[in-house]
Amino acid sequence: MRSINTAEATPQAVRAFLARPLAQHHPEVEQRVKEILQLVQDRGDAALKELTAKFDGAVLDDLRVSEQEFDDAIASLPEEALAAIRVAAQRIRSFHMKHRRETWIDFQPGEAMGQMIIPLRSAGLYVPGGLAAYPSSVLMCAIPAKVAGVKRLVMCSPCGPDGKLPALVLAAAREAGIDTIYKIGGAQAIAAMAYGTETIMAVDKIAGPGNLYVTYAKKLLYGVVGIDMLAGPSEVGIVADDTANPKFVALDLLSQAEHDSHTAAFLITPSQKMADAVVAAIAEIAPTLPRHEILAQTLAENGGVVVTRDMAEAVEYANECAPEHLALMVADPWSLLPQITCAGAVLLGHYAPQSLGDYVAGPSHTLPTAGTARFSSPLNVDDFVKKTSVISFTKEALLPLIGTIETLAELEHLEAHKIAASIRREE
């Protein structure tokens, strides 16, 4: 792993060390995505079937997952798997129920102002697939939408060459209450949910992570449809002191790094002793893991250790990093928590592993990446509602404000604005 010591490097060098690009500029990918979007917009279902045959090797008669496919998938799974999905779903649902907000109106003499909280009419979820199955991504995206009250919830995920989705994904979808699933992936799935086709009704918002093609499609279609975020590769930052167990730290770094070779994994510590112990633990553990080749590339290219002068500086650089997941593996994590201002999710202490947050803790694991935690939030219930302002005034309540309205309208040279208020006084 790369390493840097803040006592020997400039702040600019440390920031560069921690930097991750949101999405590297790939003009050839962007152009190909534009072509796919146009193809789906022009040819609908026919384009989806052709692209699925081309990219996924599946010839589909029907784009939609049938009830029989649902039943067969669930029947094929051991009870242990179904029970795990139910436990995770219950915990995620319970957490997000606490996020729900109600419409409010503040009544004062002669006036009323407030905000209506309105669930989106429809939402589309994208769940990555292909060679892997991600039932946790289904739960983490779908349950907040359901809790928010979204009326129509659809999902797209790429099928295998046999034209089927993984049984675990279908079981999670059934548990989460997803209404309809389509066996399509990539940029074409985002286009279908944004534009609509003969089979797929367009949705109001699209959520869920995906590959570079999916990210570009979401970026290009923002405005045609709402999107949750431009999610990049997964990442973890760990702030550790000498009380941390080096193997715990190593495995939390490795658990994110095993996603793919673009993942970022950082240890920030004021202890050179801890830094050396963690690097040694990674060297011991990583070669024994099934994805050791991915881990080796990830840690060499995107992993790193930052040794700071003290804990205050470690926290400062953790906020500068603004990681998707931030673990505080220190003696008193609660004392540091108020100082954390930029992180997608914070895991406190030595017994909150990354996998806890990824699967069953409760908060969604769809989190801001590439430093966007500086200004954005995890996927949550608010992503699936919209807010409408409510304003009501009587004549008596309006009259004292007309002069102010007239002045502001004159300052902005908007005569109709002024007259619209004045006439109500005169009449």
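Just above sits the structure.
What you see is a predicted model; the values in this text were computed from it and never measured.

## Structural notes on the overall build of the chain
Here is step 1: Looking only at helices and strands, the chain features 17 helices and 14 strands.
Here is step 2: Over its C-alpha atoms, taken along the principal directions, the chain stretches across nearly 85 × 60 × 45 Å.
Here is step 3: Per-residue burial over the chain gives 47% buried out of 427 residues.
Here is step 4: In the chain, the share of contacts with a sequence separation of at least 24, taken over all contacts with a separation of at least 6, comes to 75%.
Here is step 5: Counting every atom, the chain has about 20,400 Å² of accessible surface; 55% of that belongs to carbon and sulfur.
Here is step 6: Charged side chains of the chain number 36 positive and 51 negative; the gap between the two group centres comes to 4 Å.

## Some points on the layout of surface pockets
Here is step 1: There is about 310 Å³ of room inside the second largest pocket.
Here is step 2: Considering the residues around the second largest pocket, the lining is formed by 18 residues, among which G344, A345, V346, P363 and L367 are closest to the centre.
Here is step 3: Among the secondary structure elements, those contributing two or more residues to the lining of the second largest pocket are β13 (345-348) and α15 (354-359).
Here is step 4: If one sorts the elements of the lining of the second largest pocket by residue count, β13 sits on top with three residues.
Here is step 5: Here the lining of the second largest pocket is built from residues that sort into ten nonpolar, seven polar and one charged.

## Some words on the side chain of T215
Here is step 1: Structurally, the position occupied by T215 is in helix α9 (residues 212-221).
Here is step 2: Given a relative accessible area of 10%, T215 falls into the buried group.
Here is step 3: Every residue in contact with T215, bar those within four places of it in the chain, is listed here: G210, L230 and A231.

## Some remarks on the environment of M311
Here is step 1: Note that M311 resides in helix α13 (residues 311-321).
Here is step 2: Dropping the residues within four chain positions of it, M311 is found in contact with V239, A240, D241, P270, V330 and L336.

## Quick notes on the pairing of strand β12 (residues 325-329)
Here is step 1: Most of β12 is tucked away: five of the five residues are buried.
Here is step 2: Residues of β12 alternate between two faces, with H325, A327 and M329 on one and L326 and L328 on the opposite face, all of them buried.
Here is step 3: Where strand β9 (residues 235-240) lies against β12, five bridges are found, and the strand directions are parallel. Looking at the pairing, I238 lines up with A327 of β12.

## Some thoughts on the nonpolar core
Here is step 1: Ranked by internal contacts, the top residues of the largest apolar core, which has 73 residues, are L125, L139, I178, I181, I184 and F384.
Here is step 2: Among the elements that make up this core, the one with the highest residue count is helix α6 (residues 135-148) (nine residues).
Here is step 3: Each residue touching L125, except ones within four places of it in the same chain, is listed here: C141, A142, L153, V154, M155, C156, I178, M193, A207 and F384.
Here is step 4: Judged by nonpolar contacts, the second largest core, of 24 residues, contains A244, A265, V305 and M329.

## Considerations on the sheet that holds strand β4 (residues 122-126)
Here is step 1: Overall, parallel pairing links the five strands, which are arranged β6-β5-β4-β7-β8 in an open sheet. Edge strands, defined here as strands with exactly one partner in the open sheet, are β6 (180-182) and β8 (226-227).
Here is step 2: When β4 meets strand β5 (residues 152-156), the two strands line up parallel, connected through five bridges. By the bridge assignment, G124 is partnered in β5 with V154.

## Things to note about the packing of aromatic side chains
Here is step 1: By the definition in use, this model includes two aromatic pairs.
Here is step 2: Each ring, one from F17 and one from F266, has its centre 6.2 Å from the other, and the planes form 55°; the classification is tilted. You can see F17 sitting in helix α1 (residues 11-18) and its partner F266 sitting in strand β10 (residues 264-269), a full 249 residues away along the chain. The pair F17 / F266 is uniform in exposure class, with both members buried.
Here is step 3: Cation over ring: R2 sits above F17, and NZ or CZ is 4.4 Å from the ring centre.
Here is step 4: Sitting over the ring of F70, R174 keeps its end group 4.6 Å from the ring centre.

## Section: α1
Here is step 1: When we look at burial in α1, the residues that qualify are V14, F17 and L18. Down the axis of α1, the buried set is contained in an arc of 90°. They therefore lie on one face. Exposed side chains of α1 directed beyond 90 degrees from the buried face belong to Q12 and A16.
Here is step 2: If you follow the buried residues of α1, they end up packed against β1 (2-5), β10, β11 (303-307) and α13.

## Focus: the sheet that holds strand β2 (residues 104-108)
Here is step 1: Within the open sheet, the three strands sit side by side as β2-β3-β14. Their pairing is antiparallel. Only two strands of the sheet have a single neighbouring strand rather than two, namely β2 and β14 (385-393). Along the sheet, successive strands turn relative to each other by an average axial angle of 10°, direction set aside.
Here is step 2: Taken together, the five bridges between β2 and strand β3 (residues 111-119) define a ladder with antiparallel strand orientation. Bridged to W104 within β3 is Q115.

## Quick notes on the packing of helix α8 (residues 186-195) against α9
Here is step 1: Two elements in contact, α8 and α9, have axes whose closest approach is 7 Å; the angle formed by their N-to-C orientations is 25°. Comparing their axes, α9 and α8 come out roughly parallel. Of the two possible hands of crossing, α8 and α9 adopt the one that is right-handed. Judged by residue contacts, G186, A187, I190, A191, A194 and Y195 of α8 engage Y213, V214, A217, K218 and L221 from α9.
Here is step 2: The class makeup of the residues in the contact of α8 with α9 is nine nonpolar, one polar and one charged.

Quick notes on the rules
- Residues numbered from 1 in each chain as written.
- Predicted model: local features only at pLDDT ≥ 70, side-chain atom pairs only at ≥ 80, totals over all residues.
- Heavy atoms only, no water.
- Helix = DSSP H or I, 4+ residues; strand = E, 2+ residues; numbered from the N terminus.
- Buried < 20%, exposed > 50% of the residue type's maximum accessible area, 1.4 Å probe, protein only.
- Contact = heavy atoms within 4.5 Å.
- Areas by Shrake-Rupley, 256 points an atom, 1.4 Å probe, with all protein chains shown as cover.
- Lys, Arg positive; Asp, Glu negative; His and termini not counted.
- Charge placed at Lys NZ, Arg CZ, Asp CG, Glu CD.
- 1 Å grid on protein atoms, 1.4 Å probe; cavity = no way out; pocket = protein on both sides within 12 Å on 5 of 7 lines; lining within 4 Å.
- Points joined across faces, edges and corners; volume = space filled by probe spheres on them.
- Nonpolar A, V, L, I, M, F, W, Y, C, P; charged D, E, K, R; others polar.
- Pairing = 2+ DSSP bridges.
- Core = buried A, V, L, I, M, F, W, Y, C linked by side-chain atoms within 4.5 Å.
- Phe/Tyr/Trp six-rings, centres within 6.5 Å; stacked < 30°, edge-to-face > 60°.
- Lys NZ or Arg CZ within 6 Å of the ring centre and 35° of its normal.
- Arc of directions from axis to C-beta.
- Axes fitted to C-alpha atoms, helices over the stretch in contact; angles between N-to-C directions.
- Parallel < 35°, antiparallel > 145°, perpendicular 65-115°, else oblique.
- Left-handed = near helix turned anticlockwise from the far one by under 90°.

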